Amino acid sequence: MLILGRQGAGKGTQATRLAALCAVPHISTGDMLRAAVRDGTPLGQRAKQIMDAGDLVPDDVMIGIVDDRLHEPDAGRGWILDGFPRTVGQAQALADITARQPLDVVVELVVPNEVVIERISSRRTCDGCATVYSADDEAIADGVCPKCGGTPRQRDDDRPEAIRKRLEVYESDTAPLVDHYRGLGLLETVDGLGSTDEVFARVLAVVDARTSAGRPEGVGSAGPAVSSP
Ligand code: ADP
C-alpha cells in the first residue's frame, strides 16, 4: 500500500505502526535519503542540497532506488511505501515496477496546512533511528533518544523556509496523485486530525476493509487479520 499526505500529516508515524502490525517493511524514501546523507554516500552528497532546499530529488534517481528496494527479499509479501510516488512520473514508474504485485490501497492522510506547519516546526527526528518526536515530549527531555541513544534534532528541511517550499511542491507535484489514485479506485481518504491512536484506528479500518475483501469468511478482522499471512 501507499500512504500519501502533505508534510507533517503523520505518514511516517502511521506507516511505522501499520508495518509492524502487518509484518511488512515500512519503506520511507525520506528515511532512505537521510540515511544516505548520514553515511556520506554519493547519493547522499547529491541529495543533501536538494532536500535542504525543499526540492525534489530527480525522478530517475528515486525510481531506481525504489525499484531496487521493492525487489529485496523482505518486500516479497507486501510493503508500505511512504514518500513515493511524489510525482505523476513516479506513479507511472511504480505501476510498472509493481505490475506483478499491484497496490491494494492508497491511504491519503488529510491534515490542514496550518496544523502541519505547527507540527513540523516542533518535530524532532532521531539522528540514529529516525524515530519522530515532538519537541515537548518528556521522553526526550534529556536530549537523548530512548530507543537508540541517538540525538533527536530538527531536520534541516524542517526549518520555516524549507517547509514553505516543500508544501508548495506538495500542492503542485504530489497532490495530483490523489485524483490519479481516486480514478483507479484505490484511494481511501482518512482524517489525520486527532491523537495518533485515533488516526491509527481509522487507517486500520480502511486498510482492513480493503485487504479482507479476498479473505475467506470468518478469517480474521480488524488488527490480526491484516497481520495474518
Ligand atoms: P516530507 O514528506 O516531510 O517532505 P520526507 O522525509 O518524505 O519528508 O522527504 C524529505 C525530502 O526527501 C523531500 O523533501 C525530498 O527532497 C526528498 N524525497 C523523498 N522522497 C522523494 C521522492 N519520492 N521524490 C523526490 N524527492 C524525494
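Let's shift gears to the site of the ligand. Neighbouring the ligand are 19 residues, the closest being Thr29, Arg34, Asp55, Gly83 and Arg166. Between a nitrogen atom of the ligand and a main-chain N or O atom of Val57, the distance comes to 3.1 Å. One of the side-chain nitrogen or oxygen atoms of Gln90 is found 2.9 Å away from a nitrogen atom of the ligand. Considering the ligand on its own, with 540 Å² of exposed area, one finds that the protein chains cover 97% of that surface.

Now for the packing of helix H5 (residues 88-97) against helix H8 (residues 176-183). Where H5 contacts H8, the axes come no closer than 10 Å and their chain directions differ by 35°. Residues Val88, Ala91 and Leu94 of H5 form the contact with H8, whose own contacting residues are Pro176, Leu177, His180 and Tyr181. Split by residue class, the contact of H5 with H8 holds six nonpolar, one polar and no charged.

Bridge count between strand S5 (residues 123-126) and strand S6 (residues 132-134): three bridges; the pairing is antiparallel. Paired with Arg124 across the strands is Tyr133, a residue of S6. Following S5, the chain reverses through five residues before pairing antiparallel with S6; Ala130 in that reversal takes a positive phi of roughly 70°. One ladder, built from two bridges, connects S5 with strand S7 (residues 152-153); its direction is antiparallel.

Time to look at the confidence of the model for the protein chain. Here the protein chain shows a mean pLDDT of 91. Residues at 70 or above account for 93%. In this model residues 218-229 is a low-confidence stretch, pLDDT under 50, and it forms 21 contacts with partners more than four residues away in sequence or in other chains.

A cis geometry characterises the amide bond from Phe84 onward to Pro85, with omega recorded as -5°. Relative to the helices and strands, Pro85 is located in the loop between strand S3 (80-82) and H5. Even without glycine at this site, Ala23 takes up a positive phi of about 55°. Here Ala23 is to be found in the loop between helix H1 (11-22) and strand S2 (26-28). A residue is classified by how much of its surface remains accessible, and Ala23, at 54% relative accessible area, is exposed. A positive phi angle, near 70°, is found at Ala130, a position not held by glycine. Structurally, the position occupied by Ala130 is in the loop between S5 and S6.

Moving on: helix H4 (residues 59-70). For H4, spanning twelve residues, the distance from its first C-alpha to its last is 16 Å, which sits close to the expected 16 Å at 1.5 Å a residue. At its buried positions, H4 is contacted by S2, helix H2 (29-39), helix H3 (42-52), S3 and H5.

This brings us to the side chain of Arg166. One can find Arg166 in helix H7 (residues 160-174). On the accessibility criterion, Arg166 (8% relative accessible area) is buried. Among the polar contacts made by the side chain of Arg166, one reaches the main-chain carbonyl oxygen of Asp157 at a distance of 2.2 Å. Setting aside anything within four residues of it in sequence, one finds Arg166 in contact with Gln7, Gly54, Arg123, Arg155, Asp157 and Asp158.

A separate point is the pattern of salt bridges. All told, the structure shown has 18 salt bridges when counted by the stated rule. Asp156 is paired through a salt bridge with Arg159; the nearest N and O atoms lie 3.5 Å apart. Owing to a relative accessible area of 35%, Arg159 belongs among the partly exposed residues under this scheme. The closest approach of N and O atoms between Arg182 and Asp179, which form a salt bridge, is 2.6 Å. On the criterion of helical spacing, the pair formed by Arg182 and Asp179 is a turn pair, its members being three residues apart in helix H8. Here Arg182 falls in the partly exposed class, since its relative accessible area comes to 46%. On the basis of relative accessibility, which here comes to 51%, the residue Asp179 falls in the exposed class. Here the salt bridges do not stand alone but share partners, grouping Arg123, Arg155, Asp157, Asp158 and Arg166 into one network.

Turning next to the environment of Ile3. One can find Ile3 in strand S1 (residues 2-4). Residues Ile3 and Val111, 108 residues apart in the sequence, show an inter-C-alpha distance of 13 Å. Every residue in contact with Ile3, bar those within four places of it in the chain, is listed here: Lys11, Gln14, Ala15, Ile80, Leu81, Asp82, Gly83, Val107 and Leu109.

About the thresholds
Residues numbered from 1 in each chain as written. Predicted model: local features only at pLDDT ≥ 70, side-chain atom pairs only at ≥ 80, totals over all residues. Heavy atoms only, no water. Near = heavy atom within 4 Å. Polar contact = N/O pair within 3.5 Å; in protein donor to acceptor, adjacent residues only side chain to side chain. Areas by Shrake-Rupley, 256 points an atom, 1.4 Å probe, with all protein chains shown as cover. Axes fitted to C-alpha atoms, helices over the stretch in contact; angles between N-to-C directions. Helix = DSSP H or I, 4+ residues; strand = E, 2+ residues; numbered from the N terminus. Contact = heavy atoms within 4.5 Å. Nonpolar A, V, L, I, M, F, W, Y, C, P; charged D, E, K, R; others polar. Pairing = 2+ DSSP bridges. pLDDT = per-residue confidence, 0-100. Buried < 20%, exposed > 50% of the residue type's maximum accessible area, 1.4 Å probe, protein only. Expected span 1.5 Å × (residues − 1). Salt bridge = Lys/Arg side-chain N within 4 Å of Asp/Glu carboxyl O.

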